[in-house]
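This is what each chain is made of:
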Amino acid sequence: MSWLWAIIVGFVLGLIARAILPGKQHQPLWLTTLFGIAGAVLGNAVATWIGVGETAGIDWTRHLLQLAGAVLIVGLGDMVYMSFRGKRTA
């Protein structure tokens, strides 16, 4: 069941990250989901590293770090995806 939640959270974080980033992102939704999952993992790692991974109540800091990680990974991932596709105009 945890994999299902990881996919759902990754999909939602990826979509929110795409909405936050300016311009159009060109990666497909399945790749956005993978980038969202990677962003969530990165955000959890940073939250644990700074000591706010597990707190009483809602972990707002951890959730914001997950979103920031998703924005970072979706943004970088789109650039890498477009460079592999050969459509990057710099």
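The rules behind these values
- Residues numbered from 1 in each chain as written.
- Predicted model: local features only at pLDDT ≥ 70, side-chain atom pairs only at ≥ 80, totals over all residues.
- Heavy atoms only, no water.
- UniProt positions renumbered as here; feature names shortened; annotations may be inferred.
- Helix = DSSP H or I, 4+ residues; strand = E, 2+ residues; numbered from the N terminus.
- Polar contact = N/O pair within 3.5 Å; in protein donor to acceptor, adjacent residues only side chain to side chain.

Under an unreviewed UniProt entry, the name given to the chain is GlsB/YeaQ/YmgE family stress response membrane protein, and the source organism is Streptomyces venezuelae. The record in UniProt for the chain states the following under Sequence similarities (unreviewed entry): "Belongs to the UPF0410 family." For the record of the chain, the UniProt heading Subcellular location (unreviewed entry) holds the text "Cell membrane".

Colleague: Got a minute to help me understand the side chain of Gln 27 in this structure?
Modeller: Residue position: Gln 27 is located in the loop between α1 (2-20) and α2 (29-50). Here the side chain of Gln 27 touches Thr 32 through a polar contact of 3.5 Å, side chain to side chain.

Colleague: What exactly am I supposed to notice about the UniProt feature "transmembrane region" (unreviewed entry) in the chain here?
Modeller: On the UniProt side, "transmembrane region" (unreviewed entry) is annotated at positions that read residues 29-52 and 64-84 here. Taken end to end, residues 29-52 is 92% helix and 0% strand, and its two terminal C-alpha atoms sit 30 Å from one another. With 100% helix and 0% strand, residues 64-84 has its two end C-alpha atoms placed 30 Å apart.

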